[in-house]
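# Coordinate analysis (summary)
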Amino acid sequence: MALNYIWMAFFFVAFLVALGKTIFYGDLNIWGAIMSASFNSAATAFEISLGLTGILALWLGLMKIGERAGVIQFFGRLISPLFSRLFPGIPKGHPAMGSIFMNVSANMLGLDNAATPLGLKAMQEMQSLNDKKDTATDAMLMFLILNASGLCFIPIGIMMYRAQAGASNPTDVFLPILLATFIATFVGIVAMCLKQGISLKDKVLLAWLGGLALIVGGIVWFFSSLPKEQVETYSSFIANILLFSVIVMFLGAGFRKRINVYDSFIEGAKEGFKTAVMIIPYLVAILVAIGMFRASGAMDVITDCMASCFNFLGIDAEWVAALPTALMKPLSGSGSRGMMVDLMSTYGADAFVSRVSAAIQGSTDTTFYILAVYFGSVGVVKTRYAVPYALLADVVGSVAGIVAAYIFFH
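Summarised in this report is the structure supplied together with it.

Moving on, we come to the packing of helix α6 (residues 138-149) against helix α8 (residues 174-196). Axis separation between α6 and α8 bottoms out at 8 Å; the angle between their running directions is 165°. It follows that α6 is roughly antiparallel to α8 by the angle criterion. When you trace α6 past α8, the crossing you get is right-handed. Taking contact as the criterion, the partners of Asp-138, Leu-141, Met-142, Ile-145, Leu-146 and Ser-149 in α6 are, on α8, Thr-181, Ala-184, Thr-185, Gly-188, Ile-189, Met-192, Cys-193 and Gln-196.

This is the structure we're talking about:
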C-alpha cells in the first residue's frame, strides 16, 4: 500500500512543481520535458528488461543445475543456523535458503548482474510457500531489506567510474563504502528483527552478526595494508575468481550426480526468459514516475531547500552538493550514478564532495527498483512495510557514507 501512495505522489508532486514553474516563471517548456522523460523512461524500462533477459537466462540456467546437483541445498544447510533465525517461515532444507545465500553472496562481491537473477530465483522459491500470493511474507520482507541495504564488500563499479574520471587513487573510497554499507545492513537487519519479533538475544544470531563485524574489520585491515594501486586489482580478482569457481562447482556437481547438465541449463534459462518478460510492467511503472519527477525539477527544489536549512543552522554544508545522489539512490540506480559522475566531472574526481557522493552511492542499493523487480517477478502487490524499512536503510547508509567520508577525507 505504501508503494501505491508513493508512486502516485511522484506524479502529483511533479505536476504541482511544473505548474508552479509555468505560473511564476513562465516556463512553458517544462511540460514537454516531462512528457519526453516519460517516453524515455518507458523505453529505458524495456531496455533494462531486455538486457536482463540474457543474464537471467544464464544464471537461472546455472541455478537449475545447482539445484538438481544438490549444491543449492548444500549452501542452504551451510547458512541454515543464521537464516533459520532471520527467515523462520522458511522450512529447513528448502531451496529458498540456498538461493538467498547465493544472492547475498553475489551482492557482497559487487556482482549486481549475477545478484539480480539469483534474487529473483529466491523470490520464486519463497512465493511457493506463500498462502496469499498477492501479499509479501515476512521472509520476503527480510530478504528485500538485505538487498536494499546492499551489503557490498567489493564496490568494483564505483572504483571503475573514479578511475575513468581521472582520480589519483580510484580505490580510496573502498573503506568508507564498506563501513557505510555494513552499518546500513546491520541497522536494516536489527530493525526488521524488532518488527517481526525475532529475538536479538539469540546466541546464534549474535555470533553470526559479530562474526560478520569481524570479517568487515578484517577486510578493512587487509586492504588498508595493501599499496593503493593494488586494491582495485585484488578486489576484481577475488570477486571474479569466486564467481567463476561457483560456476565450475555447479557443473562439476552436476557431472558427479550424473544429471543432464545441458538440459537442466536450458530448462532454467527458459524460466529466466519468462521472468524477464513478467517484470516489464513493474519497471515501466516505477521508472516513468521517477523520470517525470526528475524532469519537473522537484528533485532540485528538495535539494535547494535542504541546503538552505543546513546553512541557516550553521551546519557544515560542504557535502550538500552530493545530496542529489542520496535522494536519487532509492529511486534510480542509473540516475544516482549519473549524478555521481556529474559531480566528478564538475568538481574533479578527488574533490571532497565527489568522494562523499561515491560513499553514498556504494552505501545501499536502489530500493524502488528492487521492490518493483523482485515483487513484480512473483506478482506481489501488497508490500506491507517493505518501503519504510528499506528507506530506513537508505537513510542510515547515506548518513554513514557522509560521516565516513568526513573521517577519511576531510
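What follows is about the pattern of salt bridges. Taken as a whole and judged by the stated rule, the model has 11 salt bridges. Across the salt bridge formed by Arg-384 and Asp-138, the nearest N and O atoms sit 2.9 Å from each other. Pair noted here: Arg-384 is in the loop between α17 (367-378) and α18 (386-409) and Asp-138 is in helix α6, with a separation of 246 residues, a long-range link. The exposure class assigned to Asp-138 is partly exposed, which follows from its relative accessible area of 33%. Bridged by salt links that share partners, the residues Lys-64, Lys-121, Glu-125 and Glu-271 form one connected network.

So, about the packing of helix α11 (residues 261-278) against helix α12 (residues 280-295). The interhelical angle for the contact between α11 and α12, taken along N-to-C directions, is 35°, at an axis separation of 5 Å. Contact residues: Ala-276, Val-277 and Met-278 in α11; Ile-280, Pro-281 and Tyr-282 in α12. Taken together, the residues of the contact of α11 with α12 sort by class into six nonpolar, no polar and no charged.

The next subject is the packing of aromatic side chains. The geometry of an aromatic ring pair comes down to the distance between the two centres and the angle between the two planes. A full pass over the atoms with the stated rule returns 10 aromatic pairs. For the ring pair Phe-182 and Phe-186, a centre distance of 6.0 Å and an interplane angle of 40° mean the geometry is tilted. Residue Phe-182 and its partner Phe-186 are located together in helix α8, separated by four residues, close to a single helical turn. Plain terms: the ring middles of Phe-352 and Tyr-406 are 4.8 Å apart, the flat faces sit at 75° to each other, and that makes the pair edge-to-face. Taken together, the residues Phe-352 in helix α16 (residues 352-363) and Tyr-406 in helix α18 connect sequence positions 54 residues apart. One aromatic cluster in this structure is built from Phe-10, Phe-293 and Phe-368. Taking NZ or CZ as reference, Lys-195 lies 5.0 Å from the ring centre of Tyr-385, over its face. Between the NZ or CZ atom of Arg-355 and the centre of the ring of Phe-409, over which it lies, the distance is 4.7 Å.

Here is what the cut-offs are and how they apply
Note that residues are indexed from 1 along each chain, following the sequence as it is written. Residues qualify for local features only when their pLDDT is at least 70, as the model is predicted, and side-chain atom pairs are given and counted only at 80 or more; totals for whole chains, interfaces and linings, by contrast, use all residues. Excluding hydrogens and water, the side-chain values take into account all heavy atoms of the structure. Every axis in this analysis is a line fitted to C-alpha atoms, fitted for helices over the stretch in contact. Angles between the N-to-C directions lie between 0 and 180 degrees. Put simply, DSSP H or I for four residues or longer makes a helix, DSSP E for two residues or longer makes a strand, and each gets a number counted from the N terminus. An angle below 35 degrees is treated as roughly parallel, one above 145 as roughly antiparallel, one from 65 to 115 as roughly perpendicular, and anything else as oblique. Crossings are assigned a handedness: left-handed for a near helix turned anticlockwise from the far helix by less than a right angle, right-handed for a clockwise turn. Contacts are residue-level and defined by heavy atoms, with any inter-residue pair within 4.5 Å sufficient. Basic side-chain nitrogens of Lys or Arg form a salt bridge, by our definition, when they fall within 4 Å of a carboxyl oxygen of Asp or Glu. Per-residue accessibility, obtained with a 1.4 Å probe over protein chains only, is compared with the maximum for each type, and a residue is labelled buried under 20%, exposed over 50%, and partly exposed between these values. Three residue categories are used. Nonpolar comprises Ala, Val, Leu, Ile, Met, Phe, Trp, Tyr, Cys and Pro, charged comprises Asp, Glu, Lys and Arg, and polar comprises the others, including Gly. Pairing of aromatic rings covers Phe, Tyr and Trp, the last through its six-membered ring, and needs centres within 6.5 Å; plane angles under 30 degrees mean stacked, over 60 mean edge-to-face, and all others mean tilted. For a Lys NZ or an Arg CZ to count as sitting over a ring, it must be within 6 Å of the ring centre and within 35 degrees of the ring normal.

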